[in-house]
Amino acid sequence: MELFGITGTEYIGYLASLMILVSFTMKNVKKLRLVNMAGCVLFIIYGFLMPTIRIGLPIIIANAAILFVNLYYLFIKQE
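For clarity, every value in this text was computed on a predicted model and none was experimentally measured.

Parameters and conventions
- Residues numbered from 1 in each chain as written.
- Predicted model: local features only at pLDDT ≥ 70, side-chain atom pairs only at ≥ 80, totals over all residues.
- Heavy atoms only, no water.
- Axes fitted to C-alpha atoms, helices over the stretch in contact; angles between N-to-C directions.
- Helix = DSSP H or I, 4+ residues; strand = E, 2+ residues; numbered from the N terminus.
- Parallel < 35°, antiparallel > 145°, perpendicular 65-115°, else oblique.
- Left-handed = near helix turned anticlockwise from the far one by under 90°.
- Expected span 1.5 Å × (residues − 1).
- Buried < 20%, exposed > 50% of the residue type's maximum accessible area, 1.4 Å probe, protein only.
- Arc of directions from axis to C-beta.
- Contact = heavy atoms within 4.5 Å.

*Asks:* Can you help me understand the packing of helix 2 (residues 29–48) against helix 3 (residues 53–76) in this one?
*Replies:* Helix-helix packing is described using two parameters, namely the angle between the two axes and the distance between the axes. Where helix 2 contacts helix 3, the axes come no closer than 8 Å and their chain directions differ by 160 degrees. The orientation of helix 2 with respect to helix 3, classified from their angle, is roughly antiparallel. Crossing of helix 2 against helix 3: the hand is left-handed.

Set out below in structure tokens:
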């Protein structure tokens, strides 16, 4: 599926990037982590949609690690 010459996979990547960018503009840390987690999930999906797992694996690993850090600080380490 292409729209304006951009594939669905590319749209997921752009949306993930936008979510990460928006998360860094937030002052509320809980909202920041939630939006950042959404971006990480989109990047993980994007990584799996790459032509080969070899290309997508660095994207998947990095964003899965960030996702777990966000989960840890949101739900396990309570201040």
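Following the structure, the description resumes.
*Asks:* Whenever I open this one, helix 1 (residues 8–23) confuses me. Can you help?
*Replies:* At 3.6 residues per turn, the α-helix brings residues three or four places apart onto the same side. Here helix 1 is 16 residues long and its end C-alpha atoms lie 23 Å apart, about the 22 Å a rise of 1.5 Å per residue gives. Along helix 1, the residues classified as buried are Gly13, Ala16, Ile20 and Ser23. Seen along its axis, helix 1 keeps its buried residues to an arc of 95 degrees; they face one direction. Along helix 1, the residues that are exposed and aim more than 90 degrees away from the buried face are Tyr14 and Leu21. Buried positions along helix 1 lie against helix 2.

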